[in-house]
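Secondary and tertiary structure notes
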Amino acid sequence: MRAHILGYIRSRSQLSTAAILSDQLPETTLSAHKLTRRFGKRVIVHEVSLELRRGEVLGLLGHNGAGKSTTMQMLTGCLLPESGEITICGIDLLRQPTLAKARIGYLPEIPPLYRELSVDDYLTFAARLRGMKQSDVATALAQTKQRCGLEAVSRKNIGTLSKGYQQRVGIAQAIIHAPDVIVLDEPTVGLDPAQIRDIRSLIRELGNHSSVILSTHLMGEVESICDRVQIMQEGKLIYGDTTAALASYGGEPGHLEDNFIRITETQP
């Protein structure tokens, strides 16, 4: 396995950091237009459009089966849309996937971990996979472990870690290359209250310089870290506004959870 990974890293080394990073930082980091995806005859995502700007955190909400994870998979290039367009920092994801994906950090619902590798080896692999220069990896590794609270377990095999620490490793691989767009699917699942607090602070910090889109069922998470929200239902976007507007939906201040239920129950 280790030899296979090292060989793959060498094959990716031609993608230089200069090709990945630009001196110009576009204001709009992600733009998706009319994304549609079917599985068989069933439409899972129907003409979803959204935009993400630098320095904001967007919460993607919806009941189970609403199409959130499928949408995120398309936004990160893991799943091709049947129709629609996606640009990452002005780069067409479908036409130039390598360049566009280099600007994305993605934590799927099930973290993509090699359980037989140590934390250090895995994160080093993740950094090189993203095209980082060898000379930059050590600094990025140290900074990412510090941000994600992984310094004490850096030499341990991932398979021996608790679920909470494995989730931290998943977040670390998504941010080690300092991406412009960070996509997090249920980032605090399996964490204890103290870990949840730390990860929320980290996400808020990431949103200061990058753009973050996350899915979650925890309204407290939305309230504490999200600038805007988009609500999906049966594959469609049915609501989009600021978090403050969702809290005052209908003209009466209330709990986000109550208003979320009102919106989803009143839609046909």
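Everything below is about the structure printed above this text.
Quick look at the structure, then. Residue positions are counted from 1 within each chain, in the order its sequence is given. Only residues with pLDDT of at least 70 are given local features in this predicted model, and only at 80 or more are side-chain atom pairs given and counted; all residues enter the totals for whole chains, interfaces and linings. Only hydrogens and water are set aside; all other atoms, that is, all heavy atoms of the structure, feed into the side-chain values.

A word on the packing of aromatic side chains. Only the six-membered ring of Trp is used, alongside the rings of Phe and Tyr, when aromatic pairs are assigned; centres must lie within 6.5 Å, and planes under 30 degrees apart are stacked while those over 60 apart are edge-to-face, with the rest tilted. With the rule as written, the count across this model stands at 3 aromatic pairs. On the numbers, 6.3 Å between centres and 65 degrees between planes, the contact of tyrosine 114 with tyrosine 122 is edge-to-face. Only protein chains enter the accessibility calculation, which uses a 1.4 Å probe; a residue whose area is less than 20% of its type maximum is buried, one above 50% is exposed, and one in between is partly exposed. Under the relative-accessibility criterion, tyrosine 122 is labelled buried at 4%. A centroid spacing of 5.8 Å and a plane angle of 85 degrees characterise the contact between tyrosine 239 and tyrosine 249, whose relative ring orientation is edge-to-face. With tyrosine 239 in strand E10 (residues 236-242) and tyrosine 249 in the loop between helix H10 (243-247) and helix H11 (256-266), this residue pair connects regions lying 10 residues apart in the sequence. Assessed through its relative accessible area of 14%, tyrosine 239 is described here as buried. The ring of tyrosine 165 has arginine 168 lying over it, and the distance from NZ or CZ to the ring centre is 4.9 Å. Strands are runs of DSSP state E lasting at least 2 residues, helices are runs of H or I lasting at least 4, and numbering of each runs from the N terminus. Whether a charge sits over a ring depends on NZ of Lys or CZ of Arg being within 6 Å of the ring centre and within 35 degrees of the ring normal.

Axis geometry follows a simple rule: fit a line to the C-alpha atoms, using only the stretch in contact for helices, then measure angles between N-to-C directions, giving values from 0 to 180 degrees. Axis separation between helix H5 (residues 119-129) and helix H7 (residues 163-175) bottoms out at 9 Å; the angle between their running directions is 30 degrees. Relative to H7, H5 is oriented roughly parallel. The handedness of the crossing between H5 and H7 comes out as right-handed. The residues of H7 that touch H5, namely those facing Val119, Tyr122, Leu123 and Ala126, are Val169, Ala172 and Gln173. Orientation is classified from the angle alone, with under 35 degrees giving roughly parallel, over 145 giving roughly antiparallel, 65 to 115 giving roughly perpendicular, and any other angle giving oblique. If you view the pair so one helix is near and one far, a crossing is left-handed when the near helix is turned anticlockwise from the far one by less than a right angle, and right-handed when it is turned clockwise. Contacts between residues were defined by any pair of non-hydrogen atoms, one from each residue, lying within 4.5 Å.

Next up on the list: the side chain of serine 210. Mapped onto the elements of the fold, serine 210 is located in the loop between helix H8 (193-206) and strand E8 (211-215). In this structure serine 210 comes out as buried when scored by relative accessible area, which is 11%. Those residues in contact with serine 210, other than ones at most four positions away along the chain, are Arg54, Gly55, Glu56, Pro179, Asp180 and Ile182.

What follows covers the layout of surface pockets. We place a 1 Å grid over just the protein atoms. Points where a 1.4 Å probe fits but has no way out form a cavity, open points with protein on both sides within 12 Å along at least 5 of 7 lines form a pocket, and any residue with an atom within 4 Å of a point lines it. Grid points are joined across faces, edges and corners, and a volume is the space filled by probe spheres set on the points. As a volume, the second largest pocket reaches approximately 240 Å³. Residue lining of the second largest pocket: 15 residues in total, with Asn64, Gly65, Lys68, Ser69 and Glu109 positioned closest to the centre. Of the residues forming the lining of the second largest pocket, the biggest block, 3 residues, is contributed by helix H3 (residues 68-75). The residue classification treats Ala, Val, Leu, Ile, Met, Phe, Trp, Tyr, Cys and Pro as nonpolar and Asp, Glu, Lys and Arg as charged. All others, Gly included, are polar. Looking at the lining of the second largest pocket, its residues break down into 3 nonpolar, 8 polar and 4 charged.

With that out of the way, let us pick up H8. In this model, H8 (14 residues) spans 20 Å end to end at C-alpha, consistent with the 20 Å of a helix rising 1.5 Å per residue. Within H8, burial applies to Gln195, Ile196, Ile199, Leu202, Ile203 and Leu206. The buried residues of H8 all sit within an arc of 125 degrees when viewed along its axis, so they share a single face. Every exposed residue of H8 that faces more than 90 degrees away from the buried side is listed here: Pro193 and Arg197. Structurally, H8 contributes buried residues whose contacts are with strand E3 (57-61), helix H6 (134-148), H7, strand E7 (181-185), E8 and helix H9 (219-225). Between N or O atoms, a polar contact is any pair within 3.5 Å; within protein, one atom must be a potential hydrogen donor and the other a potential acceptor, and residues adjacent in sequence are included only when both atoms are from side chains. N-cap assignment for H8: the residue whose side-chain oxygen lies 3.1 Å from the backbone N of alanine 194 is aspartate 192. Any helix carries an expected span of 1.5 Å times its number of residues minus one. The reported arc concerns the directions from the helix axis to the C-beta atoms and nothing else.

Moving on, we get to the pattern of salt bridges. Where charged atoms from two side chains of opposite charge approach closely, those side chains can pair. Basic side-chain nitrogens of Lys or Arg form a salt bridge, by our definition, when they fall within 4 Å of a carboxyl oxygen of Asp or Glu. For the structure on display, the rule yields 12 salt bridges. Across the salt bridge formed by aspartate 92 and arginine 95, the nearest N and O atoms sit 3.6 Å from each other. Measuring nitrogen to oxygen at the nearest pair gives 3.3 Å for the salt bridge that ties glutamate 221 to arginine 200. Of this pair, glutamate 221 sits in helix H9 while arginine 200 is found in helix H8, placing the two residues 21 residues apart along the sequence. Judged by its relative accessible area of 1%, glutamate 221 falls in the buried class. Under the relative-accessibility criterion, arginine 200 is labelled partly exposed at 22%. Several salt bridges share partner residues, and in doing so they unite Glu27, Glu51 and Arg53 into one network.

The next thing to look at is the side chain of arginine 103. With respect to the element layout, arginine 103 can be found in the loop between helix H4 (97-101) and strand E6 (104-107). Looking at arginine 103, its side chain comes within polar contact range of the side chain of aspartate 180, at 3.0 Å.

Working definition: the strands of a sheet are paired by backbone hydrogen bonds and lie parallel or antiparallel to each other. Overall, mixed pairing links the 6 strands, which are arranged E6-E7-E8-E3-E9-E10 in an open sheet. With one partner strand each, in any of the chains shown, E6 and E10 form the two edges of the open sheet. The mean inter-strand angle of the sheet, taken between neighbouring strand axes irrespective of direction, is 15 degrees. Should DSSP find at least two bridges between two strands, the strands are taken to pair. Inspection of the sheet shows E6 paired to E7 by 4 bridges, in the parallel sense. Of the residues in E7, the one forming a bridge with leucine 107 is leucine 184.

Any link to function would need more than the numbers given here.
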